[in-house]
Amino acid sequence: MKKKAKVLIMYSGYLPAKTYGGPVNSISNIVQALGEWFDFYVIASNHELKSIKRLSGIRYGWNRIGYANVKYLSDEELNVKNILCQIKEVSPDVIYLNSVFLYKFVIASLKYLKNHKVKLVIAPRGEVCTNALKIKRVKKELYLNLLKNISLKDEIYWHSTSDEETKGLIKKLNISPVKIQKCEVLPEKVIPEISYKVKEKSKLKCVFISRICEKKNLISAIRYVRRANIGVTLDIYGFKENLKYWQMCSKAIGDSRRIKYCGELESKDVINTFNKYDLFLFPTMSENYGHVIEESLIAGCPALISDQTPWMDIMDKNAGFIVRLGNDKEFIGVLNRLCELGNDDYCMLRKNCRQYVAEKNEYYSVVEKYKRLFGVLNF
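An account of the accompanying structure is given in this report.

This part is about the sheet that holds strand β9 (residues 204-209). Reading across the sheet, the 6 strands line up as β11-β10-β9-β12-β13-β14 and stay open at both edges, with parallel pairing between neighbours. Among the strands making up the open sheet, the edge pair consists of β11 (259-261) and β14 (320-323). Across the sheet, the mean angle separating the axes of adjacent strands is 25° when strand polarity is ignored. Two elements, β9 and strand β10 (residues 232-237), share 6 bridges in a ladder whose sense is parallel. Looking at the pairing, Phe208 lines up with Ile236 of β10. Seen against the sheet, helix α10 (residues 291-298) touches β9, β12 (279-282) and β13 (303-306) and runs at an angle of roughly 165° to β12.

All right, on to the sheet that holds strand β5 (residues 94-97) then. Taken together, 8 strands build an open sheet; the order of strands is β3-β4-β2-β1-β5-β6-β7-β8 and the sheet is mixed. Edge strands, defined here as strands with exactly one partner in the open sheet, are β3 (62-65) and β8 (180-182). Mean inter-strand twist for the sheet, computed between neighbouring axes without regard to direction, equals 25°. Strand direction decides the pairing type here: strand β1 (residues 5-10) and β5, joined by 4 bridges, are parallel. Looking across to β5, one finds that Val7 is bridged to Val94. Against the sheet, helix α2 (residues 80-90) engages β1, β2 (38-45), β3, β4 (68-73) and β5, with an angle of about 160° to β1.

What follows is about helix α13 (residues 363-374). Since there are 3.6 residues in each turn of an α-helix, residues three or four apart along the chain are aligned in direction. Given a rise of 1.5 Å per residue, 12 residues ought to cover 16 Å, and the 17 Å separating the end C-alpha atoms of α13 matches this to within 8%. Within the sequence span of α13, burial applies to Tyr363, Val366, Val367, Tyr370, Lys371, Leu373 and Phe374. For α13, the angular spread of the buried residues around the axis is 160°, confining them to a single face. Opposite the buried face of α13, at more than 90 degrees from it, the exposed residues are Tyr364 and Arg372.

Topologically, Lys215 is positioned in the loop between β9 and α7 (218-227). Residues Lys215 and Lys172 lie 43 residues apart in sequence; the distance between their C-alpha atoms is 20 Å. In this structure, Lys215 is in contact with Ile135, Thr284, Met285, Ser286 and Glu287, ignoring residues within four places of it in sequence.

Structurally, Asn336 is set in helix α11 (residues 328-339). Among all residues touching Asn336, those that are not within four sequence positions of it are Ala228 and Asn229.

Right, let's talk about the packing of aromatic side chains for a bit. Tallied over the entire structure, the rule returns 16 aromatic pairs. Measuring from ring centre to ring centre gives 6.1 Å for Phe40 and Phe374, while their planes differ by 75°; the resulting arrangement is edge-to-face. Of this pair, Phe40 sits in strand β2 while Phe374 sits in helix α13; the two residues are 334 residues apart in sequence, bridging distant segments of the chain. Of the residues examined, Phe40 reaches a relative accessible area of 1% and is grouped as buried. Cluster of aromatic residues (ring-pair linked, three or more members): Phe38, Phe40, Tyr96, Tyr370 and Phe374. The aromatic ring of Tyr157 is capped on one face by Lys119, whose charged end is 4.7 Å from the ring centroid. Just above the ring of Trp37 sits the side chain of Lys371; from NZ or CZ to the centre is 3.5 Å.

With that out of the way, let us pick up the pattern of salt bridges. Applying the stated criterion across every chain, the model contains 17 salt bridges. With a shortest N-O distance of 2.8 Å, Lys369 and Glu184 are connected by a salt bridge. Residue Lys369 is located in helix α13, and its partner Glu184 is located in the loop between β8 and β9; the two are separated by 185 residues in the primary sequence. Owing to a relative accessible area of 25%, Lys369 belongs among the partly exposed residues under this scheme. A salt bridge links Glu330 to Arg337; the shortest N-O distance between them is 3.1 Å. By relative accessible area, which is 32% here, Glu330 ends up partly exposed. Three or more residues are tied together by salt bridges with common partners; here these are Lys197, Asp278 and Arg350.

A few words now on the side chain of Glu127. With respect to the element layout, Glu127 can be found in the loop between β6 (119-122) and α4 (130-134). Lys140 provides the closest opposite charge to the buried, unpaired Glu127, separated from it by 7.2 Å. For Glu127, the side chain forms a polar contact with the side chain of Ser99, separated by 2.7 Å. Every residue in contact with Glu127, bar those within four places of it in the chain, is listed here: Ser99, Val100, Phe101, Ala132, Leu133 and Glu165.

Conventions and cut-offs
- Residues numbered from 1 in each chain as written.
- Predicted model: local features only at pLDDT ≥ 70, side-chain atom pairs only at ≥ 80, totals over all residues.
- Heavy atoms only, no water.
- Pairing = 2+ DSSP bridges.
- Helix = DSSP H or I, 4+ residues; strand = E, 2+ residues; numbered from the N terminus.
- Axes fitted to C-alpha atoms, helices over the stretch in contact; angles between N-to-C directions.
- Contact = heavy atoms within 4.5 Å.
- Expected span 1.5 Å × (residues − 1).
- Buried < 20%, exposed > 50% of the residue type's maximum accessible area, 1.4 Å probe, protein only.
- Arc of directions from axis to C-beta.
- Phe/Tyr/Trp six-rings, centres within 6.5 Å; stacked < 30°, edge-to-face > 60°.
- Lys NZ or Arg CZ within 6 Å of the ring centre and 35° of its normal.
- Salt bridge = Lys/Arg side-chain N within 4 Å of Asp/Glu carboxyl O.
- Lys, Arg positive; Asp, Glu negative; His and termini not counted.
- Polar contact = N/O pair within 3.5 Å; in protein donor to acceptor, adjacent residues only side chain to side chain.

So this is what it looks like as structure tokens:
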């Protein structure tokens, strides 16, 4: 039997952590889909985002999580020297980095490349998209300029998941298009059966499910609901990644009884939670993919989103609504129009969501692209 190639994946966090957002879902989906063809190893921190408490249920050393061997490191252990030791221990054929800005992983990987034949794949995960770069812009620009001037070897490839990301890589890092491999985010394999929630006329139960930080733009969602008809409500779920931003959001909520924070969600509970609501309100500033949008549609929950996501054909399929980022009047107008819809109209909208996401799901063709992305025959 042919020996499997070893793929070492490095990112800030990994399962069972819940607070690191979409990239963890993306990595987990890749591991589960390609475990038959590759030996996966994952290095990640041993705690939740913005926490120092060690994750429960993990052991020191290597842990078997699904198809991957996972090592969880403390903040003290996440230094360039130790990361380099971990890479040497695995002796991978492929290193897969899930961020441009996790510089300790980047530096350790580049050091390893000096003396070892290995394919390095870097996935920016939307970090080089225009709106994402506006947040902490000066620091990011300085870092990207430093990275751009590093002499990169032939074994380094860049994983893009969208045309915008490809343009960002070319513009910000001067990456040759031949070094960029476009491969869409791996979708959910199975579309589970659901029952449709009954929509009451003159009421609209909205939900926001995401990390609470500036990029996800919760504060705008709050303002839209406060200015919409009295029948529009909003429940908020998500990890408070940025406490100062959450304080701004709390101030915007004020004394409104139509808006409430409901805590954090386990990944396994997201689709069932969406199924209880009429609308996913998500005026995000930038999404590389938007797993949470896919999950809302799987649950039969139409999405009202900004124009800063890859889901730009959602209106063509009558499965949701797109409004230009910052167009407050139109966001509020859509909320008010949907509030007045009865159950018959809304039931059709829910069915369209499910049909749209089922048709969009190209699971097996995307799996083949990842096989090529991690393939080592080309060097």
